[in-house]
Amino acid sequence: MKRRNFISKNLAMGALIPASCASFGFADHKSEIQEGSALTGSDVVVEKLSEGQPHKGKNLAVIQAHCDDIPFFAAGTVAKLIHEGYTGYLIRTSNDEAAGIGSSTGERVLNNEIDNSDVARVLGLKKTYDLGYANHRMDEYNIQEIKGRLIFLFRLLQIDTLICFDPWGPYEENPDHYITAKAVEAARWMAGMGTDYPEQLEVLKPHTVTEMYYYARGPQIVNRIVDISPFVDKKVESLIACKTQGAGGNNGAVLRKALADKGKKISVLGNDDNTANFNYVKHFVLDVDSERLRGVPSDKKSGEKYGLEYAERYHYIGPIPSKIDEFIEKNATSK
Ligand SMILES: [Zn+2]
């Protein structure tokens, strides 16, 4: 099947098509898959900050292939859910050896590991697990091994909810992203079965992950908009923590200096390096240049349509409550 037809057929149900399609070669599909053709309006749930800590006692797995994935795509929601009471754990599947600053593989691995721990600290996550698979080469591993390790962690940590790349997104170029997503989606339900990896059950209990927030680049089903307005600064901080790769780090200060060397300045970068770095991420990475730097629409634009200042977009899958009790209540008669 031609890619064009495949995408058209499979998304006719109505994905929200981000403007970032253009940068990923989807520009000519815009007329076929109109934004808002289906999963909009009442089909989209807008999730806002809850009062108190409704998630106290629940566990959240924040899963990324690389240290900058969650900061780029989902850090606002992570910060919100932690604020609402979740205990969070950061699982990073690759060792990030192919990206970032460092003259040797070992140096890059170490620099990314330090940044990854810092991302966890900024977002209030309790512990990090680095699975250490070779960067950009995760498609060469046997997926049973990755699933087995994830199932172990989901059972060990009794994970209720997870955030990860969308295994059902039709476009993703990075094998670490889509292999991680596929392994996570299989592992999260198998973890609840007493017949999969049964030797683990001599020391652990089965536990199914029942809520998933999936993010993606390129076309994606979007059925949940999370209001991250109170947490956007935390998201910015998590991106700045990615010093060795990503679009955060010292980029604002570098741009400010480059402009100064030419006798120019832009007020958004302020008068010192810290302000420049912070505002560079908030203004350019998350908004003005989002499509080029992240491959997703601006967080401001994602929120605008729903009356929110900043928002993140998800393909959310949650538990479906049983209707049997309601049916029995309505229909049961005396014997
Ligand atoms: Zn990545």
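Before going into details, it helps to say that this report is about the structure given with it. (Residues numbered from 1 in each chain as written. Predicted model: local features only at pLDDT ≥ 70, side-chain atom pairs only at ≥ 80, totals over all residues. Heavy atoms only, no water.)

This part is about empty space enclosed by the protein. Scanning the model with the defined rule gives 1 cavity of 30 Å³ or more in all. Considered as a void within the structure, the largest cavity measures approximately 120 Å³ in volume. For the largest cavity, the lining is made up of 13 residues, of which Phe73, Ala216, Val296, Glu312 and Arg313 are closest to its centre. Mapped onto the lining of the largest cavity, the elements with two or more residues apiece are helix H11 (299–304) and strand S8 (311–317). With 3 residues, the single largest contributor to the lining of the largest cavity is S8. Split by residue class, the lining of the largest cavity holds 6 nonpolar, 2 polar and 5 charged. (1 Å grid on protein atoms, 1.4 Å probe; cavity = no way out; pocket = protein on both sides within 12 Å on 5 of 7 lines; lining within 4 Å. Points joined across faces, edges and corners; volume = space filled by probe spheres on them. Helix = DSSP H or I, 4+ residues; strand = E, 2+ residues; numbered from the N terminus. Nonpolar A, V, L, I, M, F, W, Y, C, P; charged D, E, K, R; others polar.)

Glancing now at the coordination of the zinc ion. Protein coordination at the zinc ion comes from His66 (ND1), Asp69 (OD) and His177 (NE2), with a distance range of 2.0 to 2.1 Å. Donor residues for the zinc ion sit on one chain with the sequence pattern H-x2-D-x107-H. With relative accessibility at 5%, the residue His66 sits in the buried group. (Donors = N, O, S within 2.8 Å, 3.2 Å for Na, K, Ca; no water. Buried < 20%, exposed > 50% of the residue type's maximum accessible area, 1.4 Å probe, protein only.)

In this section: the side chain of Glu211. As for its placement among the helices and strands, Glu211 is situated in strand S6 (residues 211–215). By relative accessible area, which is 14% here, Glu211 ends up buried. At 2.4 Å, the side chain of Glu211 and the side chain of Tyr316 are in polar contact. (Polar contact = N/O pair within 3.5 Å; in protein donor to acceptor, adjacent residues only side chain to side chain.)

Moving on, we get to the side chain of Gln220. Inspection of the secondary structure puts Gln220 in the loop between S6 and strand S7 (224–227). According to the relative accessible area criterion, Gln220 is buried, its value standing at 1%. A polar atom in the side chain of Gln220 sits 3.5 Å from the side chain of Asp166.

It is worth spelling out the packing of aromatic side chains at this point. Note on aromatic pairs: each is described by the distance of the centres and the angle between the planes. In this structure the tally under the stated criterion is 8 aromatic pairs. Ring centres of Phe73 and Phe165 lie 5.7 Å apart, and the angle between their planes is 65 degrees; on these two criteria the pair is classed as edge-to-face. Of this pair, Phe73 sits in helix H2 (residues 69–73) while Phe165 sits in strand S5 (residues 161–165), and the two are 92 residues apart along the sequence. Taken as a pair, Phe73 and Phe165 share a single burial class, namely buried. Plain terms: the ring middles of Tyr213 and Tyr316 are 5.1 Å apart, the flat faces sit at 70 degrees to each other, and that makes the pair edge-to-face. Separated by 103 residues along the polypeptide, Tyr213 in strand S6 and Tyr316 in strand S8 bring together distant segments of the chain. (Phe/Tyr/Trp six-rings, centres within 6.5 Å; stacked < 30°, edge-to-face > 60°.)

Here we come to a nonpolar patch on the surface. On the surface, a nonpolar cluster with roughly 280 Å² of combined accessible area is contributed by Phe152, Leu156 and Val203. Its location among the elements puts Leu156 in helix H5 (residues 143–157). Taking the relative accessible area as the measure of exposure, Leu156 reaches 40% and is therefore partly exposed. (Patch = residues over 30% accessible without salt bridge, like charges linked within 9 Å, V, L, I, M, F, W, Y side chains within 5 Å. Areas by Shrake-Rupley, 256 points an atom, 1.4 Å probe, with all protein chains shown as cover. Salt bridge = Lys/Arg side-chain N within 4 Å of Asp/Glu carboxyl O.)

Following the criterion strictly, the structure yields 21 salt bridges and no others. Arg217 is paired through a salt bridge with Glu173; the nearest N and O atoms lie 3.5 Å apart. Here the residue Arg217 occupies a position in the loop between S6 and S7, and Glu173 occupies one in the loop between S5 and helix H6 (175–190), the gap between them amounting to 44 residues. According to the relative accessible area criterion, Arg217 is buried, its value standing at 12%. A residue is classified by how much of its surface remains accessible, and Glu173, at 49% relative accessible area, is partly exposed.

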